[in-house]
Structure formats: C-alpha cells, structure tokens
Amino acid sequence: SSQRNYHGTPHSTDTDGDRWTVIRANLAVTKETVEVDGIGTGVAPVGETGKALAGDKVVWKVNPSLTASSQDPAPVENVTITDTLPKYVTYNAACTEGLTGGTAPSTVTPNADGTTTLVWNLGTITPNAKIAPRLICTDVDPFTPNGLGLTNVVNVKGDGIVPLKRHTTNHTVTVQQAAALAL
C-alpha cells in the first residue's frame, strides 16, 4: 500500500488534486458606537476608536449580515449574535428597550471576570434578508481608570456556516475622566 501525501494547502502536485469549498451563505458582522435619541457618547464608526466619559452611556451598534449569491438561497437555522461587554461596562436594559431600534437580547449573563455576555437567538434567516442592527445601551462605570480602552467583542454564527474571522469583530472606546480632584 502506498502512502498518500495529499496536502490541500498550499496547492500541491499530488495526484489527489485540489479541493474547493462551496459556501452556501456569507455571514458577517461589524460594530460601531452611535448616538440614538440623544443618548450615547464615544461615537465612532466601524474601525475607529471612540472616546467616552466615565459615568456616561455608550450605545454599541452591531451590524450583522447574511448574504448569498443564489437567487433562492436555503435558510440558515439557529442564527445567533453573541456580544461580550467589557469590564467597567454595565448593560442597561431599560435604556436599550427605550431606544428607537433597541432590541433586548434573549439572554444576559454576568461573567465572573466582570464582563457580560448578551445573546440574541435570531432563529432561521434566509440569506439576503435584512437583519436589523442590534443597539446596546450601556453605562460606563464612573470609576473606570482614565485612558482605559474598553473593547466590546461580537460574534455571529449559524448552523452549517463554517466559522471565519469575519464572524467576529470588536470595537473599542477609550474612557476619559471628566475632572480631577484638587485640594
């Protein structure tokens, strides 16, 4: 019996040939900080760092998308968004639900390390259908150290979708203290 030396990457000259993967749908997510209804500091577009005052509210915007090149794509089941709020940031449910476009998560889980995990179970989604952004209103701890970067991480996934880097992203807000105490 001969040994097979096939290695799919990088491409080889072995007799097995090259492999290719059919992707039925493209799942992606971006994140930014915004102002909604006059609420939110630390506003910054995707890819830029925001600056917020300790003790203020920050509104994070999660922009998920699910696309396919097919005109009649198969639905993707169990689509979820998982957002992890950093330490020094507290999820504000009343503020989130009060925002125009605010959507409460399915679950909110405080973690032992001071972070909080929010999960939205979106169910079955057909690619190319618009997925509404998720707005998350948070309170920044007034005692957050000056200059600390608060990085919020988000991930999207669905059944049958191979995990890729574009399924996870983050957005950072640097905290500034408003004033110093003088004696």
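For the structure itself, look to the data block above.
Residues numbered from 1 in each chain as written. Predicted model: local features only at pLDDT ≥ 70, side-chain atom pairs only at ≥ 80, totals over all residues. Heavy atoms only, no water.

Looking at this model, I keep getting lost on the overall build of the chain. Mind explaining?
From N to C terminus, the chain includes 1 helix and 10 strands. Secondary structure elements in the chain, listed N-terminal to C-terminal, are β-β-β-β-β-α-β-β-β-β-β. Looking at the chain as a whole, 36% of its 183 residues qualify as buried. Nonlocal contacts in the chain, meaning residues at least 24 apart in sequence, comprise 75% of its contacts between residues at least 6 apart. (Helix = DSSP H or I, 4+ residues; strand = E, 2+ residues; numbered from the N terminus. Buried < 20%, exposed > 50% of the residue type's maximum accessible area, 1.4 Å probe, protein only. Contact = heavy atoms within 4.5 Å.)

Please clarify how the sheet that holds strand β10 (residues 168-176) should be interpreted in this entry.
Sheets are built from strands paired through backbone hydrogen bonds, the pairs being either parallel or antiparallel. If you trace the 6 strands from one edge of the open sheet to the other, you get β2-β10-β9-β4-β7-β6, paired in mixed fashion. One side of each edge strand has no neighbouring strand; the edge strands of this open sheet are β2 (50-53) and β6 (107-110). Neighbouring strand axes in the sheet, compared pairwise and without regard to direction, differ in orientation by 25° on average. Relative to strand β7 (residues 116-125), strand β4 (residues 76-85) is paired through 8 bridges, and the arrangement is antiparallel. When the bridges of β7 are listed, Asp83 appears paired with Leu118. (Pairing = 2+ DSSP bridges. Axes fitted to C-alpha atoms, helices over the stretch in contact; angles between N-to-C directions.)

How should I be thinking about the state of the cysteines in this particular structure?
A covalent bond bridging the sulfur atoms of two cysteines is what the word disulfide describes. Per the counting criterion, the structure on display carries 1 disulfide. Cys95 shares a disulfide with Cys137; S-S distance 2.1 Å. Negative torsions about the S-S bond denote left-handed disulfides, and the value of about 75° found for Cys95 with Cys137 makes this one right-handed. In this pair, Cys95 sits in helix α1 (residues 93-98) while Cys137 sits in strand β8 (residues 134-140), placing the two residues 42 residues apart along the sequence. Considered together, Cys95 and Cys137 belong to a single accessibility category, that of buried residues. (Disulfide = S-S within 2.5 Å.)

I would appreciate a short explanation of unusual backbone geometry in the present structure.
Most peptide bonds take the trans form, and the phi angle of most residues other than glycine is negative. With a phi angle near 55°, Asp37 is a residue other than glycine that sits in the positive phi range. Following the sequence through the fold, Asp37 ends up in the loop between β1 (26-34) and β2. For Asn128, which is not glycine, the phi dihedral falls at a positive 80°. The residue Asn128 is located in the loop between β7 and β8 in this model. Relative accessible area serves as the criterion here: at 44%, Asn128 is assigned to the partly exposed category.

What is the right way to look at the sheet that holds β8 in this model?
The antiparallel open sheet is built from 4 strands, whose spatial order is β1-β3-β8-β5. Taken across any chain shown, the strands that pair with only one partner, and hence form the sheet edges, are β1 and β5 (89-91). Taken pair by pair, the neighbouring strands of this sheet meet at an average axis angle of 30°, ignoring direction. Pairing analysis gives 3 bridges linking β5 to β8, with the strands arranged antiparallel. Residue pairing in the sheet places Tyr91 in a bridge with Thr138 of β8.

In short, geometric facts, not functional conclusions.
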